[in-house]
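Each chain is listed here by its residues.
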Amino acid sequence: MATNNPYAAYQTNTVTTSTPGELTLMLYNGCLKFIQQGKMELAKGNLEQKNIAIQKAQAIVTELMLTLDTSYEVSKNMLVLYEFVNSRLIDGNIQNDPAMFEEAAGIITEFRDTWKQVIQINRSKQYSNVSEI
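So, here's what we can say about the structure.

### Here we look at the packing of aromatic side chains
Considering all chains together, one arrives at 2 aromatic pairs under this definition. Relative to Phe-111, the ring of Tyr-28 lies with its centre 6.0 Å away and its plane at 5 degrees, an arrangement referred to as stacked. In this pair, Tyr-28 is assigned in helix 2 (residues 20-44) and Phe-111 in helix 5 (residues 98-127), connecting sequence segments 83 residues apart. On the basis of relative accessible area, Tyr-28 is assigned to the buried category, the value being 1%. Three or more aromatic residues joined by ring pairs make a cluster, and in this case those are Tyr-28, Tyr-82 and Phe-111.

### So, unusual backbone geometry
Positive phi, normally seen in glycine, also occurs at Asn-96, with a value near 55 degrees. The topology assignment puts Asn-96 in the loop between helix 4 (73-95) and helix 5. Its relative accessible area of 29% is what places Asn-96 among the partly exposed residues.

### Topic: the pattern of salt bridges
Going through the model one piece at a time under the given rule, you end up with 6 salt bridges. The salt bridge partner of Glu-102 is Lys-39, with a shortest N-O separation of 1.7 Å. You can see Glu-102 sitting in helix 5 and its partner Lys-39 sitting in helix 2, a full 63 residues away along the chain. Judged by relative accessible area, which is 42%, Glu-102 ranks as partly exposed. The salt bridge involving Lys-44 is made with Glu-41; its shortest N-O contact spans 3.7 Å. Placement of both Lys-44 and Glu-41 in helix 2 is noted, with a separation of 3 residues, approximately one turn of the helix. Looking at Lys-44, the relative accessible area reads 61%, which means it is exposed. For Glu-41, a relative accessible area of 16% puts it in the buried group. When salt bridges that share partners are traced, they join Arg-88, Asp-91 and Glu-103 into one network.

### Some remarks on the side chain of Arg-112
With respect to the element layout, Arg-112 can be found in helix 5. Here the side chain of Arg-112 touches Asp-113 through a polar contact of 2.8 Å, side chain to side chain. Discounting residues that sit within four places of it in the chain, Arg-112 has contacts with Leu-25, Tyr-28, Asn-29 and Leu-32.

### Re the packing of helix 2 against helix 5
Relative to each other, helix 2 and helix 5 sit at 160 degrees, their axes nearing to 9 Å. Classified by the angle between their axes, helix 2 and helix 5 sit roughly antiparallel to one another. Crossing handedness for the pair helix 2 and helix 5: left-handed.

### Quick look at the packing of helix 2 against helix 3 (residues 47-66)
Between helix 2 and helix 3, the shortest axis-to-axis distance is 8 Å and the interhelical angle comes to 160 degrees. In terms of axis orientation, helix 2 runs roughly antiparallel to helix 3. In terms of crossing hand, the pair formed by helix 2 and helix 3 is left-handed. Residue-level inspection shows Thr-24, Leu-27, Tyr-28, Gly-30, Cys-31, Phe-34, Ile-35, Gln-37, Gly-38, Glu-41 and Leu-42 of helix 2 in contact with helix 3, the latter providing Leu-47, Gln-49, Lys-50, Ala-53, Ile-54, Lys-56, Ala-57, Ile-60, Val-61, Glu-63 and Leu-64. In the contact of helix 2 with helix 3, the residues fall into 13 nonpolar, 5 polar and 4 charged.

Rules of the game
- Residues numbered from 1 in each chain as written.
- Predicted model: local features only at pLDDT ≥ 70, side-chain atom pairs only at ≥ 80, totals over all residues.
- Heavy atoms only, no water.
- Phe/Tyr/Trp six-rings, centres within 6.5 Å; stacked < 30°, edge-to-face > 60°.
- Helix = DSSP H or I, 4+ residues; strand = E, 2+ residues; numbered from the N terminus.
- Buried < 20%, exposed > 50% of the residue type's maximum accessible area, 1.4 Å probe, protein only.
- Salt bridge = Lys/Arg side-chain N within 4 Å of Asp/Glu carboxyl O.
- Polar contact = N/O pair within 3.5 Å; in protein donor to acceptor, adjacent residues only side chain to side chain.
- Contact = heavy atoms within 4.5 Å.
- Axes fitted to C-alpha atoms, helices over the stretch in contact; angles between N-to-C directions.
- Parallel < 35°, antiparallel > 145°, perpendicular 65-115°, else oblique.
- Left-handed = near helix turned anticlockwise from the far one by under 90°.
- Nonpolar A, V, L, I, M, F, W, Y, C, P; charged D, E, K, R; others polar.

The values are spatial; any link to function lies outside them.
The following block contains the structure:
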């Protein structure tokens, strides 16, 4: 289906051509974006829009939880942290507490930054032998 919106076409193309690692990075960035939006809406007193943004962040955290392969110990530890992040988002949303959003954002930022490093290391390994081609 053709679209007249070049931005939407770009977004679709970006998602469909990204690696699983890049998609995970996009999820982390999206989660952080929605937490920021929620905090901004809370500061403005717009509780309905805050709720919508935080629920979007929660949906992303839920997706990250569902995609974990818990046969690995590290995944089990990540799951506990994701559950904590989700609880901070829920509690912060109910109590209108931006400090809880900050706490959740801090953990997601750590995950995102670590994930970004993993992608960079994998790319450097992948392309380190390009001169041999």
